[in-house]
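Single-letter residue listing:
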Amino acid sequence: MKKYKLLFILSITLSQVVTSQNLFGIAIYGVERIDKSIPEVYQSSTKTLIDLVDKGMQNLEFKLTFNNSESSYRYIEKMTIDSDIGLKIAIAGGGGTGIKYVNSKTKEVVKQMFIDDDAYLIQSSLNDINWTLINETKIIKDYLCYKAVTVIEVELTVGELTKMDLIAWYAIKIPVIFGPEGYGGLPGLILELETPKMRTYIKSLKTSAKSKIDANTIEITKPIKGKFVTPDEFRLINNKLILNYKKGF
Amino acid sequence: MKKIVFILAFMLIGSFAFANENPQTAIINDGFKGIVVINDFNLLTNVRVINSENELVEPDCLDIAWNQSVILSHLTGMNQSTLFHILVRSCWDTQNQQ
């Protein structure tokens, strides 16, 4: 009897390994503000601006392509963004136009960011994110998702880091450790990511064996254009540029 | 020429907000100092720029972008520096077109 049990467990484990070895996927994400109310104290110009940001987010899409070992996440360019300030801010809210790359074997995370016309490659590790797994579930796109939380630091005021909760909802039925915006490290694909202000949510998802997805659509790109920096170095460069603006350089 | 700009932030409407405002004189950033008024939510709601003679001056793109980036970062949770870069560029582009 014990032999049968062992055989059963072994066969399930093996089938999962085989399935996960061949897993490829494409996930399309959108971004939205969670609380769309605008306090009355704000001027009409601010209301107009935030309306433009919300409008920009309506058609905004980012594509995550992944296999078992790598993923890349990028903005899907559909319209010209040159003069659309709302769209520009909306894109930045979703992580920007740069490519976000994650490697599950090395735990390497490379986030390509742009300041004006200069490209930077921000290097970090999935191990830098300390997730707490919560026994709470919800269904997203027919997938049972589990909750995980961590704390991130955001500069709501230049030079001053503010701690903010980040919640991820991941689906263990999709056994890859990736997610939007270069986040990951959980036992399943992250389908939803939210701070108290913004939510990145899944719009569509396609997973399959390699042969069933067009090879062109599963291209996984590691960004190479840009100067390698740490997250702290990038923050300092960004802030220094702002001070230079103010000094009139 | 290095100029010192005083920035006065104030609440526009809402007696409750005014009752809870907390005026402070502070160095806002390098080269900028003035009086800021912060409400219970630590939000600047409006900024007016006055010169050393207490005359209202037309804010330049830096002031506009700074002000808007403070507000938007609190509404969206985005980094203020990221917002500032986008807003100041947009403002300069608009001015150049005029």
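Quantities reported herein were computed from a predicted structural model and do not represent experimental measurements.

K.L.:
Can you break down the overall build of chain B residue by residue, with the values?
P.N.:
Counting secondary structure elements, chain B contains three helices and four strands. Its helices and strands in sequence order give chain B the pattern β-α-β-β-β-α-α, from N to C terminus. Taken over 98 residues, chain B has a buried fraction of 46%. In chain B, once contacts between residues fewer than 6 apart in sequence are set aside, the share between residues at least 24 apart is 48%. Just so you have it, chain B exposes about 5,400 Å², and 54% of that area is on carbon and sulfur atoms.

K.L.:
Please set out the overall build of chain A residue by residue, giving values where relevant.
P.N.:
A tally of regular secondary structure across chain A gives four helices and twelve strands. Going through the 249 residues of chain A one by one, you find that 46% of them count as buried.

K.L.:
Could you give me a rundown of the pairing of strand β2 (residues 62-66) of chain A, with the residues and numbers involved?
P.N.:
Residue and element names in this part refer to chain A. Extensive coverage of β2 is indicated by the burial of four of its five residues. Looking at chain direction, β2 and strand β3 (residues 70-75) are connected through five bridges and run antiparallel. Each residue of the ladder has a partner; that of Phe66, found in β3, is Ser71.

K.L.:
Could you give an account of the nonpolar core, with specific residues and numbers?
P.N.:
Ile89, Trp131 and Leu189 of chain A are the most contacted members of the largest nonpolar core, which totals 69 residues. Broken down by element, the residue count for this core peaks at eight residues, all from helix α2 (residues 61-76) of chain B. Not counting chain neighbours up to four residues away, the residues in contact with Ile89 of chain A comprise Leu49 and Val53 of chain A together with Leu72, Met78, Leu83, Ile86 and Leu87 of chain B. Counting residues in each nonpolar core, the second largest holds five residues, with Tyr120, Ile122, Val229 and Phe234 of chain A among its members.

K.L.:
Lay out the sheet that holds strand β12 (residues 227-229) of chain A in plain terms, naming residues and giving numbers.
P.N.:
Residues and elements named next belong to chain A. Read across the sheet, twelve strands follow the order β7-β8-β9-β10-β11-β1-β2-β3-β4-β5-β6-β12 without closing on themselves; strand pairing throughout is mixed. The open sheet has two free edges, formed respectively by β7 (132-140) and β12, since each of these has just one partner strand. Direction aside, the axes of adjacent strands within the sheet are offset by 25° on average. Looking at chain direction, strand β1 (residues 23-33) and β2 are connected through five bridges and run antiparallel. Its bridge partner being in β2, Ile26 is matched across the sheet by Thr65.

K.L.:
Could you give me a rundown of α2 of chain B, with the residues and numbers involved?
P.N.:
In a regular helix each residue adds 1.5 Å, so 16 residues correspond to 22 Å; α2 of chain B covers 21 Å between its end C-alpha atoms and thus fits that length. Within two residues after α2 of chain B, Gly77 of chain B carries a phi angle of roughly 75°, on the positive side.

K.L.:
So what's going on with the packing of aromatic side chains? Residues and values would help.
P.N.:
For the structure on display, the rule yields six aromatic pairs over all chains. On the basis of an interplanar angle of 75° and a centroid distance of 5.9 Å, the ring pair of Trp66 of chain B and Phe84 of chain B is categorised as edge-to-face. Placement of Trp66 of chain B in helix α2 and of Phe84 of chain B in helix α3 (residues 80-97) is noted, with a sequence separation of 18 residues between them. Among the residues examined, Trp66 of chain B registers a relative accessible area of 7% and is labelled buried. Three or more aromatic residues joined by ring pairs make a cluster, and in this case those are Tyr29, Phe62, Tyr73 and Tyr75 of chain A. Of note, Lys111 of chain A hangs over the ring of Tyr183 of chain A, and the distance from its end group to the ring centre comes to 4.6 Å.

K.L.:
Could you give an account of helix α3 (residues 85-93) of chain A, naming the residues involved and the relevant values?
P.N.:
Of all nine residues making up α3 of chain A, eight are buried, and the element is well covered by its neighbours. Three or more residues of α3 of chain A are buried, namely Ile85, Gly86, Leu87, Ile89, Ala90, Ile91, Ala92 and Gly93 of chain A.

K.L.:
I'd like a description of unusual backbone geometry, backed by residues and values.
P.N.:
Positive phi is not limited to glycine here, since Lys107 of chain A has a value of about 70°. Within the fold, Lys107 of chain A resides in the loop between β4 (100-103) and β5 (108-115).

K.L.:
Before we move on, can you summarise the pairing of β3 of chain A with the specific residues and values?
P.N.:
Put simply, side chains in a regular strand alternate between the two faces of the sheet. Residues and elements named next belong to chain A. Counting the residues between successive antiparallel strands, the hairpin from β2 to β3 contains three residues. Pairing of β3 with β4, which is carried by four bridges, proceeds in the antiparallel orientation. Its bridge partner being in β4, Ser71 is matched across the sheet by Val102.

K.L.:
Please give an account of the pattern of salt bridges that cites residues and values.
P.N.:
Residue and element names in this part refer to chain A. Applying the stated criterion across every chain, the model contains eleven salt bridges over all chains. As a salt-bridge pair, Asp54 and Arg33 come within 2.8 Å of each other at their nearest N and O atoms. Taken together, the residues Asp54 in helix α2 (residues 44-58) and Arg33 in strand β1 connect sequence positions 21 residues apart. When its relative accessible area of 14% is taken as the criterion, Asp54 is described as buried. On the basis of relative accessible area, Arg33 is assigned to the buried category, the value being 1%. Between Lys163 and Glu153 there is a salt bridge, with the nearest N and O atoms lying 3.2 Å from each other. Highlighted residues: Lys163 in strand β9 (residues 160-171) and Glu153 in strand β8 (residues 143-157), separated in sequence by ten residues.

Conventions used here
- Residues numbered from 1 in each chain as written.
- Chains lettered and ligands numbered in written order.
- Predicted model: local features only at pLDDT ≥ 70, side-chain atom pairs only at ≥ 80, totals over all residues.
- Heavy atoms only, no water.
- Helix = DSSP H or I, 4+ residues; strand = E, 2+ residues; numbered from the N terminus.
- Buried < 20%, exposed > 50% of the residue type's maximum accessible area, 1.4 Å probe, protein only.
- Contact = heavy atoms within 4.5 Å.
- Areas by Shrake-Rupley, 256 points an atom, 1.4 Å probe, with all protein chains shown as cover.
- Pairing = 2+ DSSP bridges.
- Core = buried A, V, L, I, M, F, W, Y, C linked by side-chain atoms within 4.5 Å.
- Axes fitted to C-alpha atoms, helices over the stretch in contact; angles between N-to-C directions.
- Expected span 1.5 Å × (residues − 1).
- Phe/Tyr/Trp six-rings, centres within 6.5 Å; stacked < 30°, edge-to-face > 60°.
- Lys NZ or Arg CZ within 6 Å of the ring centre and 35° of its normal.
- Salt bridge = Lys/Arg side-chain N within 4 Å of Asp/Glu carboxyl O.

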